[in-house]
Structures are given as structure tokens and as C-alpha cells.
Amino acid sequence: MPDYDFSQVDAAIIDSQLNTARVFRDVLIRLGFRRVELFDSVRAAAGLLAAAMPDLVLVDADGEDSEAFRFIRSLRNEPAVPNPFACVIVTTWAPTPALLTRVTNAGGDDLLMKPVSPKQVRERIVSLIEARKGFVVTADYTGPDRRKSPREGAQVPVLDAPNTLRLKATGQWTQSGARMRLNEAIATVTTQKRLRASIQVAFLIEFALAGLARPVPDRMSIDHVGRIGGFLDDLLRRLGDDGDHAPVEAVARAIKSLADKVRAAAEKGPVSADDRDQLQALSRALMQAVDPDRPLEAMTREVASAVDGYRSRLEQIAQAKAAAAASALAASSADAAGEAANDSIASSAPPPAAAGPASTALSAG
């Protein structure tokens, strides 16, 4: 195993169980970490998101529900975080597949089961130095690539995110060089977030249009329109001073206003064709304003392909549920038929012979 130098590496441990936190701290200190801060809750560690982030964060997932995952998502997605690429290891006493999924979807790097040995901790740290996954940026996720197989459809670029843990442990760290790499990567994330948000808004609108045209708009379409505002808010807060974003802001606010109107109308009845057409036109104008160098036709094709794929998955899920329900019904019917047959046999069988002297003598003989 390579001999890394951790004398410049900083870490933070977030764990409500002080004894466990001290064990982790002692392991990291023995490895040679420069500084290890302890926090007994996510709230106590909130200041890390506004200060210079440590290179490694160990956060306990067994405390207050969702707090650890909210912290990780804020770390990865809040525009003001100075190092959204810090390595994150989630710790737990009770690992489950569901917990692993939550860690992955929040943007964590790894899940480590307690209790741990110094060897296990070192191995995980070395893995983050040598084989950390590239980052992907979508409308609602930033973090290590979650896919094990190649992505279908439009390729989401994989970012070689700055890994300050690696830079320091391998002697490649310089303050100015690291800050420059971090700023460049953050700028890339910001650009990708704007682009993916505009495409996500177009996707939500394109999917909802058919349902909104019905005499009684369906619930799923209304709910999809209701999600538009959140993505627009995220896009708007990422419009910085790196260019003229007035056209993007104007279109985004127009969509948000119209989406609110359409959703309110859909709760009461059909949505007018004019509002539906305008919503679609504005969504395409937003994509064009965010990424003027890319042909609009290519972006609309990407959205249409995503909608088709989504509808196909929904149909598959519905078919699977219907098949499971039919199978359960058939099994229930078979059980009921079996019970009825047993009851019929029992009722038609002759009563047992009464025990008398003969039977007693036979038994005795």
C-alpha cells in the first residue's frame, strides 16, 4: 500500500456518539492528519458549509433522520460552498441496501460500517485517493457518478472533480493551484446546473402537456407542473456575474408565473390550448437562452427522448404491478377454492363410529 503523507490533510467528524467520534479521530490522528474537528450534530457542523471545507468528512447516518443526507446535499449543491468536492464517508451501525441508496443519491462517496479498524479506515481513504469516481451534474444531483453501466441517450459529462485529499496526500498541493482548480470546477458545475435545469423544466412541461389537455387533467401531470418552480429557483440563484443573464432570467420568471397559473387552472378543469402552447414555447426559449450555441432541435430531441423513456418506464411499472396483483388474486382464489373443497369433503364424510364394547375389546386384544 502506498505511503501517503497526511500531514496537510484536514478532516471533520460528525457523530452524536462522542465515544465513536473519538475513535475515528484517534485513527485519523495516528495516520498523521493535520487537524480533525469533532461535531456532535449536523447543525453544529453547519458552519463548515460557509468556511474552508475540510478534505474529508465522516458523517454518521444513525442520528436524526435525514439530517446527514441534507448536509451532504447542501455540501454538493449549494453555490456558496467553497469546496463542494470534499470526500464524504457516511458511517453507520446498521447498513442496509436502502441506506446505501440514500448515501448514493445524496452524493456521498462511501458507506462504512461501525465498528471499524484502523486498517479499514485507511483502506477507504486510500480508495478515495486512488480510485475516486468522477462527478456528474444533473438538475437535482451533484456528486460521484451513480451509474454502473453506460448512460443512455444524451451523455452527461463526467467531471474530474478536484480532490484536495489526493492533492495533499500525494504532495501536489499548492494553495493557489488548488483554488484555481476549485474555481474552474465550480464554474463548470454552475454552467451544467443551468443547462440541466432548463432541460428538466422542458421535460416536465413536455410530459405534462398531454395530461393537461384532458377534460379532467390527470394528477401526475399537475404534480409535474408543480415541480417546475423548484428547478427555476435553482437556475435563477445560479445566475452570477459571468455574463448577461437577463434573457434567461426573463424567460425563467415568465415560465414560473405561467406554470403557477396553469397548475391552478388544472386543479379546476382543462387547461386552455393557448396556455399549453405558450408553456411549451417558453420552455424551448429557456433552453435556447441558457445554451445559445447548441441547436434547439438537438435539445428538443433530447427532451422528447427522455419523455418517451420515462413513459415507457412508467408503463413497465404499471404492467408489473398489474401482473403482481393478478398473481396475488389468482393465488387467493386458489386458496379459497382449496378451503371450500376441504370444507365440502369434511361435510360429506361419514361420522366416526362410536366406541362400544367391540371396539374396546379389539383395541385391547
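On a predicted model such as this, the values are computed, not experimentally measured, just so you know.

**A look at the overall build of the chain**
Part 1 of the reasoning: Scanning the chain from N- to C-terminus turns up 12 helices and 8 strands.
Part 2 of the reasoning: In the form shown here, the chain has an accessible surface area of approximately 19400 Å², with 54% of it arising from carbon and sulfur atoms.

**Concerning empty space enclosed by the protein**
Part 1 of the reasoning: The tally for this structure, following the rule as stated, stands at 1 cavity of 30 Å³ or more.
Part 2 of the reasoning: Taken as a whole, the largest cavity encloses approximately 90 Å³ of empty space.
Part 3 of the reasoning: Lining the largest cavity are Arg 76, Asn 77, Glu 78, Pro 79, Val 81, Pro 84, Thr 142, Ile 186, Val 189, Thr 190 and Arg 238.
Part 4 of the reasoning: Sorting the residues of the lining of the largest cavity by element identifies helix 2 (67-77) and helix 6 (175-212) as the ones contributing at least two each.
Part 5 of the reasoning: The leading source of residues in the lining of the largest cavity is helix 6, at 3 residues.

**As for the layout of surface pockets**
Part 1 of the reasoning: For the second largest pocket, the calculated volume is near 440 Å³.
Part 2 of the reasoning: Contributing to the lining of the second largest pocket are 18 residues, with Thr 104, Gly 108, Asp 109, Asp 110 and Lys 133 lying nearest its centre.
Part 3 of the reasoning: The set of elements that each furnish at least two residues to the lining of the second largest pocket consists of helix 3 (97-106), strand 5 (110-113), helix 4 (118-130) and strand 7 (141-144).
Part 4 of the reasoning: Taken together, the residues that form the lining of the second largest pocket break down as 7 nonpolar, 3 polar and 8 charged.

**Let's talk about the sheet that holds strand 3 (residues 56-60)**
Part 1 of the reasoning: The 5 strands lie next to each other as 2-1-3-4-5, forming an open sheet whose pairing is parallel. Sheet topology places strand 2 (35-39) and strand 5 at the edges, where each strand pairs with a single neighbour. Strand-to-strand twist across the sheet, computed as the mean angle between neighbouring axes with direction ignored, equals 20°.
Part 2 of the reasoning: Relative to strand 5, strand 4 (residues 87-92) is paired through 4 bridges, and the arrangement is parallel.

**Observations concerning the packing of helix 6 against helix 7 (residues 219-226)**
Between two packed helices, what matters for the description is the angle formed by their axes and the separation of those axes.
Part 1 of the reasoning: Two elements in contact, helix 6 and helix 7, have axes separated by 8 Å at closest approach and are oriented at 145°. When the axes of helix 6 and helix 7 are compared, the crossing they make is left-handed. Seen from helix 6, the contacting residues are Leu 204, Phe 207, Ala 208, Gly 211 and Leu 212; seen from helix 7, they are Met 220, Ser 221, His 224 and Val 225.
Part 2 of the reasoning: Across the contact of helix 6 with helix 7, the residue classes tally to 6 nonpolar, 3 polar and no charged.

**Quick notes on the confidence of the model for the chain**
Part 1 of the reasoning: A residue-level look at the chain finds 89% of positions with pLDDT of 70 or above and a mean pLDDT of 89.
Part 2 of the reasoning: The least confident element of the chain is helix 12 (residues 357-364), whose mean pLDDT is 34; the most confident is helix 10 (residues 273-290), at 98.
Part 3 of the reasoning: This model gives residues 353-365 a pLDDT under 50, and the stretch forms 0 contacts once residues within four places in sequence are excluded.

**Brief notes about the nonpolar core**
Part 1 of the reasoning: Residues Val 201, Ile 228, Ile 255 and Leu 286 are the most contacted members of the largest nonpolar core, which totals 38 residues.
Part 2 of the reasoning: Mapped by element, the contributors of at least two residues to this core are helix 6, helix 7, helix 8 (228-237), helix 9 (246-266), helix 10 and helix 11 (296-348).
Part 3 of the reasoning: Top contributing element to this core by residue count: helix 6, with 12 residues.
Part 4 of the reasoning: Not counting the four nearest positions on each side in its chain, Ile 255 is found in contact with Val 201, Ile 205, Ile 228, Leu 232, Leu 279, Leu 282, Ser 283 and Leu 286.

**As for the pairing of strand 6 (residues 135-138)**
Part 1 of the reasoning: Neither face of strand 6 is exposed, since Phe 135 and Val 137 on one face and Val 136 and Thr 138 on the opposite face are all buried.
Part 2 of the reasoning: In terms of strand pairing, strand 6 meets strand 7 through 4 bridges, oriented antiparallel. Residue Val 137 lies in a different strand from strand 7, and its bridge partner there is Thr 142.
Part 3 of the reasoning: Taking the residues between adjacent antiparallel strands as the criterion, strand 6 and strand 7 are bridged by 2 residues.
Part 4 of the reasoning: Looking at chain direction, strand 6 and strand 8 (residues 158-159) are connected through 2 bridges and run antiparallel. What sits directly across from Phe 135, in strand 8, is Leu 159.

**A look at unusual backbone geometry**
Part 1 of the reasoning: Cis geometry marks the peptide bond from Lys 114 to Pro 115; its omega dihedral reads -10°.
Part 2 of the reasoning: Counting through the fold element by element, Pro 115 comes out in the loop between strand 5 and helix 4.

**Description of the pattern of salt bridges**
Part 1 of the reasoning: The tally for this structure, following the rule as stated, stands at 22 salt bridges.
Part 2 of the reasoning: A salt bridge links Arg 237 to Glu 78; the nearest nitrogen and oxygen atoms lie 2.9 Å apart. Pair noted here: Arg 237 is in helix 8 and Glu 78 is in the loop between helix 2 and strand 4, with a separation of 159 residues, a long-range link.
Part 3 of the reasoning: Glu 249 serves as the salt-bridge partner of Arg 253, at 3.1 Å between the closest nitrogen and oxygen. Placement of the pair is Arg 253 and Glu 249 together in helix 9, with a separation of 4 residues, close to one helical turn.
Part 4 of the reasoning: Three or more residues are tied together by salt bridges with common partners; here these are Glu 78, Asp 234, Arg 237 and Arg 238.

Rules used in this analysis
Residues numbered from 1 in each chain as written. Predicted model: local features only at pLDDT ≥ 70, side-chain atom pairs only at ≥ 80, totals over all residues. Heavy atoms only, no water. Helix = DSSP H or I, 4+ residues; strand = E, 2+ residues; numbered from the N terminus. Areas by Shrake-Rupley, 256 points an atom, 1.4 Å probe, with all protein chains shown as cover. 1 Å grid on protein atoms, 1.4 Å probe; cavity = no way out; pocket = protein on both sides within 12 Å on 5 of 7 lines; lining within 4 Å. Points joined across faces, edges and corners; volume = space filled by probe spheres on them. Nonpolar A, V, L, I, M, F, W, Y, C, P; charged D, E, K, R; others polar. Pairing = 2+ DSSP bridges. Axes fitted to C-alpha atoms, helices over the stretch in contact; angles between N-to-C directions. Left-handed = near helix turned anticlockwise from the far one by under 90°. Contact = heavy atoms within 4.5 Å. pLDDT = per-residue confidence, 0-100. Core = buried A, V, L, I, M, F, W, Y, C linked by side-chain atoms within 4.5 Å. Buried < 20%, exposed > 50% of the residue type's maximum accessible area, 1.4 Å probe, protein only. Salt bridge = Lys/Arg side-chain N within 4 Å of Asp/Glu carboxyl O.

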